[in-house]
Amino acid sequence: MAEGVKARRRLETRRRLLTEARRLFARHGYAAVSLAEIVGAAEVTKGALYHNFAGKAELFHVIVEEVQQEVADRVVAAAGADEDPWEQLLAGCRAFLAVSRDPDVQRIMLIDGPAVLGWSEWRAMDEASSARHLTEALTALIEDGTIAGQPVEPLAHLLSGAMNEAALWLARSTGPDDLPAVTAALTRMLESLRR
């Protein structure tokens, strides 16, 4: 019984650390947040932090993974709302752009993620979440003849890069019509691939 209570408390502590660190990283950026601020906000000791994470970098890594998975889940949900594979691709891409408008997602996943983790590590995480779904969708569309036969990997990287760049542009934009304009441009770009 005591072990169960300890395990539950450890999970609660871990969750508080992740929740508060995520809030602080999203609001102030990784570089501006100290460990003291994180443990203070989570109302735990530095020892509790180090019991759960090797340090600030590992804590941030876990948060980036969480954010990327949440984005991937929303993309998959949007794509899954349609039966037509082409419409699934469009819906998934639109959902990515829409969720990327969230300032927390922008700061953690698109701005600080590559800068803190390094491009290679961030890209590997991206490929394990959202990019994997994009590759699967493009493969299905090439196999059914909707898109002309071609190597999938370079196409997926080009589209992923275009969407990430569009999301970063949206992060800096202030116009209320910017998301619809970017979505329309992306749709036209995708339509050019269609047979």
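None of these values were measured; they are calculated from a predicted model.

Definitions and cut-offs
Residues numbered from 1 in each chain as written. Predicted model: local features only at pLDDT ≥ 70, side-chain atom pairs only at ≥ 80, totals over all residues. Heavy atoms only, no water. Salt bridge = Lys/Arg side-chain N within 4 Å of Asp/Glu carboxyl O. Helix = DSSP H or I, 4+ residues; strand = E, 2+ residues; numbered from the N terminus. Buried < 20%, exposed > 50% of the residue type's maximum accessible area, 1.4 Å probe, protein only. Phe/Tyr/Trp six-rings, centres within 6.5 Å; stacked < 30°, edge-to-face > 60°. Lys NZ or Arg CZ within 6 Å of the ring centre and 35° of its normal. Core = buried A, V, L, I, M, F, W, Y, C linked by side-chain atoms within 4.5 Å. Contact = heavy atoms within 4.5 Å. Expected span 1.5 Å × (residues − 1).

Participant: Is there a simple way to think about the pattern of salt bridges in this case?
Facilitator: Pairing between side chains of opposite charge can happen when their charged atoms approach one another. Counting across every chain of the model gives nine salt bridges. Linking E66 and R15 is a salt bridge whose minimum nitrogen-to-oxygen distance equals 2.8 Å. Residue E66 is located in helix α4 (residues 56–80), and its partner R15 is located in helix α1 (residues 2–28); the two are separated by 51 residues in the primary sequence. You can call R15 partly exposed: its relative accessible area is 41%. The salt bridge involving E20 is made with R23; its shortest N-O contact spans 2.8 Å. Taken as a pair, E20 and R23 lie in helix α1 at a separation of three residues, close to a single helical turn. You can call R23 partly exposed: its relative accessible area is 32%. Salt bridges here are not isolated pairs; linked through shared partners, they connect R15, R22, E66 and E70.

Participant: Looking at this structure, I do not really get the packing of aromatic side chains. What am I missing?
Facilitator: Each aromatic ring pair is described using two quantities: the centre-to-centre distance and the angle formed by the ring planes. Overall, the coordinates contain four aromatic pairs when judged by the stated rule. For the ring pair F25 and F60, a centre distance of 5.3 Å and an interplane angle of 85° mean the geometry is edge-to-face. Residue F25 is located in helix α1, and its partner F60 is located in helix α4; the two are separated by 35 residues in the primary sequence. Exposure remark for F25: the relative accessible area of 0% places this residue in the buried category. The class for F60 is buried, based on a relative accessible area of 0%. The ring of Y30 has K56 sitting right over it, with the charged end atom 4.2 Å from the ring centre.

Participant: Help me understand unusual backbone geometry in this model?
Facilitator: With the exception of glycine, the majority of residues adopt a negative phi angle, and the majority of peptide bonds are in the trans configuration. Even without being a glycine, E43 presents a positive backbone phi close to 60°. You can see E43 is positioned in the loop between α2 (35–42) and α3 (46–52). A relative accessible area of 70% means that E43 is categorised as exposed.

Participant: Looking at this model, I keep getting lost on the nonpolar core. Mind explaining?
Facilitator: Generally speaking, a soluble globular protein has its nonpolar side chains buried in company with each other. Counting residues in each nonpolar core, the largest one holds 55 residues, and the members touching the most others are F25, I38 and L138. Among residues more than four places away in sequence, those in contact with L138 are L89, I147, V152, L155, A156 and L159.

Participant: Got a minute to help me understand helix α5 (residues 85–99) in this structure?
Facilitator: Between its first and last C-alpha, α5 extends 21 Å over 15 residues, near the 21 Å set by a 1.5 Å rise per residue. Among all positions of α5, only W86, L89, L90, A91, G92, C93, A95, F96, L97 and V99 are buried. Where α5 is buried, its residues touch α4, α6 (103–117), α8 (130–143), α9 (152–172) and α10 (178–191).

Participant: Looking at this structure, I do not really get the environment of I111. What am I missing?
Facilitator: Tracing the backbone through its elements, the reader meets I111 in helix α6. Considered as a pair, I111 and Y30 are 81 residues apart in the sequence and their alpha carbons are 9.8 Å apart. Beyond its immediate sequence surroundings of up to four residues, I111 is in contact with Q106 and L168.

Participant: Before we go on, may I ask you to explain the side chain of T187 in this structure?
Facilitator: The residue T187 is located in helix α10 in this model. Look at T187 and you get buried, because its relative accessible area is 17%. Once you skip the residues sitting within four places of it in the chain, T187 turns out to touch L90 and R94.

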